[in-house]
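One letter stands for each residue in the lines below.
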Amino acid sequence: MDGKIHNLRARIDELNLQILELLSKRASTAEEIGELQSAMGLSHYDPVREQEMLEALTFANRGPFTDGTVKSLFKHIFQASMQLEESQEKRRYLTSRDTRRQDTVVMVGEVPIGGRHSPVLVAGPCAIESASQVEAVAAHVAGQGVTLFRGGAFKPRTDPYSFQGLGKEGLRLAREACDRHGLAFVSEIMDAQHLALFEEYVDMLQIGARNMQNFTLLKAAGRSRKPVLLKRGLSATVEEWVMAAEYLLNEGNGNVVLCERGIRTFERYTRNTLDVSAVALAKLETHLPVLVDVTHSGGRRDLLVPLTKAGLAVGADGIMLEVHPNPAVALSDQKQQIDFDTFDAYLDDTGYHSKLSEKRLEVYGF
Ligand code: PEP
Ligand code: MN
C-alpha cells in the first residue's frame, strides 16, 4: 500500500512540474499578447475573450472537477497573467522607480535638486512687475543665501482683464537681476511657441498647474535641454501628474522636478489643500525630485511655516514660495505673497537652509 501511495505521489510531483511548465509557457504567450496590446494602445482586459475561453474549457471538461471548479481555477490563471502584463507595462515607464532605483538629481544652473542634497528654496515674486521690483526681491533673497529665483512673465490668470505679465520684457528684467545676484532663474512657460525665447532667458522652465496636461507644451519642453519644473494640476491625480512627467522624459528630457502646489478640495479655509501624501507617493513611485509650493497650496501666509515643515518631513527636495517688496500693491496673489521682513522671519522659523535640513537628517534620516 505504502509503495503505491509513494508512486502516486511521485506521479503528482511530475504532473505538478508539467502544469508549471505549461503555466509558464502560457504566461509568456500572454506577455507577448500584452506587449502587442500596449503597442496598439488596447486594454489588457477583454471580458468577452475571457468568457469565450471559460466556455470552451467547460465544454471540454470531462471531470472529475465540476465546471464551476474549472472556471474558478482558470479565473485565477487569467488574473495572474493580467497582473503580469500590468507589472511589465509599469516597469517600462521612464519615471518609475522600477526603471531607475537611484534618485535623479537635477542641476539648475549650478544648483543640485534631489538625492541627498539639502532641500532647496525657490523664492521670488508671483509676477515680475518692474525693474525695481524684481531687483529688490532678487537682492533680498540672494542676500539670504537663496540660489533659485522664481517670477512669472507670462501669467495664467483666471480673469482675462487682470495683469497678464510683462512677457518678454519681464524675462529680460528678471534675467538681468538674477545675473547681478548669482541666481538661477525659473519662470513659467505657457506656450510651446515661446520655447526659443525662454531658452534664451531662463535656467528652468516651469509648467504651471493649468498646463500640466498641455501635451503640445509638454512635448516641446521635453525636447528642450532646460530642466523642467512640472506643477501638479489643480485636480490632477498623482497618476496623471506622473504621466505628464513621462511625456517630458519620453521626449528625451530627464531633468524634471515635480512640484505639488495643492489641489482643489471642498475645503474653503485654504485656497487649495496641500496633498502631503502625493509628495511622499511621488517620491516612492518615481525617481524624480519633488518640491512643495507652499504659497499656492494654502494661499495663507500663516500656513507657510507649518506647510514647509510638513513638505520637508514627507521627503520634499525643496520648497517654493512667493516674496514681494510690498504685497499689498502686488499685481497678482496679493493675499499670499510675503514681504521681506516676513520672509526673514520665515527663514528663522523654518531654520531654512541649514538648521532644518540638518534637523531633518537627524530626525528622519534623509
Ligand atoms: C505660479 O507658480 O506662478 C503659478 C501660477 O502656480 P500654479 O501653476 O501652481 O497655479
Ligand atoms: Mn502666484
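What counts and what doesn't
- Residues numbered from 1 in each chain as written.
- Chains lettered and ligands numbered in written order.
- Predicted model: local features only at pLDDT ≥ 70, side-chain atom pairs only at ≥ 80, totals over all residues.
- Heavy atoms only, no water.
- Near = heavy atom within 4 Å.
- Polar contact = N/O pair within 3.5 Å; in protein donor to acceptor, adjacent residues only side chain to side chain.
- Nonpolar A, V, L, I, M, F, W, Y, C, P; charged D, E, K, R; others polar.
- Donors = N, O, S within 2.8 Å, 3.2 Å for Na, K, Ca; no water.
- Helix = DSSP H or I, 4+ residues; strand = E, 2+ residues; numbered from the N terminus.
- Buried < 20%, exposed > 50% of the residue type's maximum accessible area, 1.4 Å probe, protein only.
- Pairing = 2+ DSSP bridges.
- Axes fitted to C-alpha atoms, helices over the stretch in contact; angles between N-to-C directions.
- Contact = heavy atoms within 4.5 Å.
- Expected span 1.5 Å × (residues − 1).

Chemist: Would you mind showing me how to read the site of ligand 1 here?
Modeler: The full set of residues close to ligand 1 is Arg 150, Lys 155, Pro 156, Glu 188, Gln 206, Gly 208, Ala 209, Arg 210, Lys 231, Arg 261 and His 296. A distance of 2.7 Å separates an oxygen atom of ligand 1 from a polar side-chain atom of Arg 150. Within the side chain of Lys 231, one N or O atom sits 2.8 Å away from an oxygen atom of ligand 1. Residue composition of the shell around ligand 1, by class: two nonpolar, three polar and six charged.

Chemist: When you look at the coordination of the manganese ion (ligand 2) in this model, what are you seeing that I'm missing?
Modeler: At 2.0 to 2.8 Å from the manganese ion (ligand 2) lie its protein donor atoms, namely Cys 126 (SG), His 296 (NE2), Glu 322 (OE), Glu 322 (OE) and Asp 333 (OD). We note that the donor set of the manganese ion (ligand 2) lies within a single chain, spaced as C-x169-H-x25-E-x10-D. With His 296 in helix α10 (residues 294-298) and Glu 322 in strand β10 (residues 318-322), the pair connects residues that are 26 residues apart, well separated along the chain. As far as the burial class goes, His 296 and Glu 322 line up, both buried.

Chemist: Got a minute to help me understand the sheet that holds strand β8 (residues 256-260) in this structure?
Modeler: What holds strands together in a sheet is hydrogen bonding between their backbones, with the strands either parallel or antiparallel. Strand order in the closed barrel made by the eight strands is β3-β4-β5-β6-β7-β8-β9-β10, with parallel pairing throughout. Averaged over all pairs of adjacent strands, the angle between their axes in this sheet comes to 25°, without regard to strand direction. Helix α9 (residues 276-285) rests against β8 and β9 (290-293) of the sheet, and its axis sits at about 165° to β9.

Chemist: Can you walk me through helix α1 (residues 2-39) in this structure?
Modeler: Here α1 spans 55 Å end to end across 38 residues, near enough to the 56 Å set by a 1.5 Å rise per residue. Of the residues making up α1, those classed as buried are Ala 27, Ala 30, Gly 34, Gln 37 and Ser 38.

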